[in-house]
Amino acid sequence: MLQGLATFALFATLPLWIGKVGLYPYLGVEVMIWVIYALGFNLLLGYAGLPSFGHGAFFGVGAYAFGLSQIHLGTGLWLSLLSAIAAGAIAGALVAAFISHRRGIYYALLTIAFGQIFWFVAIKWHSVTRGEDGLLNIKRPPFLEDLNSLYYFCFLVFVLLIFFLWRLVHSPFGRVLSAIRQNETRARFVGYNVWAYKWLAFVISTLVAGLAGGLFALAQQSAYPNVMSLHQSGFVVMMALVGGGLVSFWGPVIGAVLFFVARDLLGAYTEAWLLWYGLLFMAIVLFKPEGLAGLLKDVRSKSSA
Amino acid sequence: MFEASHLHKRFGDHVVLEDVSMRFAAGRLSGIMGPNGAGKTTCFNLLTGRYAPDRGSVRFEGRDITGLPPRRIARLGISRSFQVMNLFDEYSALDNVLVATPEVRSRGFSMLSSFKPSDFAFATLDRVGLGDKPHVRAKDLSYGDRRALEIALALAARPKLLFLDEPTAGLGTEATARIAALIGGLKRSLTLVVIEHDMKFLFGLADHIYVMHWGQVIAQGSPRDLMANPWVQRSNLGALQ
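1. A short note on the overall build of chain B
Here comes step 1: The secondary structure content of chain B amounts to ten helices and ten strands.
Here comes step 2: Rg of the C-alpha trace for chain B: 18 Å, near the compact-globule value of 18 Å for 241 residues, within the 12% margin.
Here comes step 3: In terms of its C-alpha atoms, chain B occupies a principal-axis envelope of roughly 60 × 40 × 30 Å.
Here comes step 4: Expressed as a percentage of the 241 residues in chain B, the buried residues total 44%.

Below you can see the structure in the form of structure tokens.
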């Protein structure tokens, strides 16, 4: 509850103070989009225990769907966002149909393979995706031209999504997903269709990635294949793990915020900021796999003992 | 109620089960015993859908369930526990039981309803002697309590037929007596099939016992019949006498 209030308070007031700490308002939009993406991703990794290392594909599919529907069909904001969500979900449904009977390393490898396929198609299908340049000049509706309006629009989506995901992980569906992560065999023997749960978790996660991709295209006014690369897919994994998505719903929020703060603050001093972030990632995996949220939990339990 | 006929199973060149037939009558407690490697657990795995038999059939309440996946067999009212404990370790005892109830299972895809404790889940924990530990995580329970929770999970599914795979494995005398009392209390309220090494335990509870050796049923009958059976005497199971 406290983490939720802190998150909402942080993002609700961010435009008021971010300039004063030497950062820029657009960073808030970027962080929120990645938090949405990371929270959706964590439904899969943290709750279902399914490692997807090619999730950038679905973020990219959402971004392209947003741009393509606007360019070719003339859709407005809502229909473009709906296209992004639907495209993420459909792409996810197809991929999940092939991988949901697997787990562990085989599951992870298949997600990488499928992610690479999407990335390759985005680069090579020039007539549709415009190749490496991507889709440029995606329009924002007039009421979102102003950065503040864009920020609070993203904040609204962010709040709604958090409520949806929070409800979901505390529903029977979320609890069964977590049970499957803990013991897939037992879940089968108490009567659950494990394949269907894994499939649906993947689809919901890619649907959210599609939404984040759509918001990204709206904010960046472009969609390009780089966001689908393996490299970019790794970022969301790091955010979820560093933040502590394995033990806390709010872990990916911490991970995404830390990632962008590291990029912008450390990046001001050194081009090798990702090296330091990577080292932090390694240290956490080695010494505190529960991530920063796990560390905070330990501190709280020690101080209350 | 439950009938397995002429089951065969091999893994590669190794024949694990050969022409195994068993019948479990409603409301009775049947036992399966035999030395290590006799094929008892493989037999359980065939009966509960973990493996499909190479040959033979399995029928439950007149319906052919041969080769059905575990989830479909579970939904017909057949539940099982495991020799190597299979719990949801990070969940509390109560949540373990809740997840296994048909009520939660039927709402498993619901994303808006709540995951609330039910009276039945508390009652199930009470039934296995864990009524005072509903909020203790499964992995923090003692070994004996984990064994009891293993049975609670199987009971939570409200089964008509319950398979228990070595429910006293690794337990001391006191904890074994606790599980014996628990299983004795379940007798007659549902049909039970128990694999067990501990002959005293099984002979004290079972109505009918199948003795397995080398992947075959070498003897069967009531505990009294088996005590006099020369096959049982000659095998390494005769320790009871």
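2. Let's talk about the packing of helix H3 (residues 56–73) of chain A against helix H5 (residues 104–124) of chain A
Residues and elements named next belong to chain A.
Here comes step 1: Viewed as axis vectors pointing N to C, H3 and H5 meet at an angle of 35°, and their least axial separation amounts to 8 Å. Relative to H5, the crossing made by H3 is left-handed. Contact with H3, carried on its side by Gly-56, Ala-57, Gly-60, Val-61 and Tyr-64, involves Phe-114, Gly-115, Phe-118, Trp-119 and Ala-122 of H5 and no other residues of that element.

3. Re the domain arrangement of chain B
How big an interface is tends to be reported as the loss of accessible area on association of its parts.
All names here are of chain B.
Here comes step 1: Considered domain by domain, chain B is made up of domain 1 (2–77 + 159–240) and domain 2 (88–156).
Here comes step 2: The C-alpha centroid of domain 2 is placed 25 Å from the C-alpha centroid of domain 1.
Here comes step 3: Counting residues at the interface gives ten residues for domain 1, matched by eight residues for domain 2.
Here comes step 4: Elements represented by at least two residues in the side of domain 1 that touches domain 2 include exactly strand S7 (161–165) and helix H7 (173–186).
Here comes step 5: No other element matches H7, which puts four residues into the side of domain 1 that touches domain 2.
Here comes step 6: Grouping the amino acids of the side of domain 1 that touches domain 2 by side-chain chemistry returns eight nonpolar, one polar and one charged.

4. Thoughts on the sheet that holds strand S10 (residues 216–221) of chain B
All names here are of chain B.
Here comes step 1: Taking strand neighbours across the sheet as the criterion, the six strands line up as S6-S7-S8-S3-S9-S10 in an open arrangement whose pairing is mixed. Of all strands in the sheet, those with a lone pairing partner are strand S6 (78–80) and S10, marking the two edges. Between one strand and the next, the sheet's axes are offset by a mean angle of 15°, whatever the strand orientation.
Here comes step 2: Taken together, the five bridges between strand S9 (residues 208–213) and S10 define a ladder with antiparallel strand orientation. Bridging from a neighbouring strand, Tyr-210 pairs with Gln-220 of S10.
Here comes step 3: The strands that helix H1 (residues 40–47) touches are strand S3 (29–33), S6, S7, strand S8 (191–195) and S9; relative to S7, the one it contacts most, it runs at about 150°.

5. Examining the interface of chain A and chain B
Here comes step 1: Taken together, the contact between chain A and chain B spans 19 residues of the former and 25 residues of the latter.
Here comes step 2: Secondary structure elements with two or more residues in the side of chain A that touches chain B: helix H7 (147–169), helix H8 (172–182) and helix H9 (184–189) of chain A.
Here comes step 3: It is H8 of chain A that contributes the most residues to the side of chain A that touches chain B, six residues altogether.
Here comes step 4: Residue composition of the side of chain A that touches chain B, grouped by class: eight nonpolar, seven polar and four charged.

Rules of the game
Residues numbered from 1 in each chain as written. Chains lettered and ligands numbered in written order. Predicted model: local features only at pLDDT ≥ 70, side-chain atom pairs only at ≥ 80, totals over all residues. Helix = DSSP H or I, 4+ residues; strand = E, 2+ residues; numbered from the N terminus. Rg over C-alpha atoms; globule rule 2.2 N^0.38 Å. Buried ≥ 20, exposed ≤ 12 C-beta atoms within 10 Å, placed from the backbone. Axes fitted to C-alpha atoms, helices over the stretch in contact; angles between N-to-C directions. Left-handed = near helix turned anticlockwise from the far one by under 90°. Contact = placed C-beta atoms within 7 Å. Domains from an automatic or database assignment. Nonpolar A, V, L, I, M, F, W, Y, C, P; charged D, E, K, R; others polar. Pairing = 2+ DSSP bridges.

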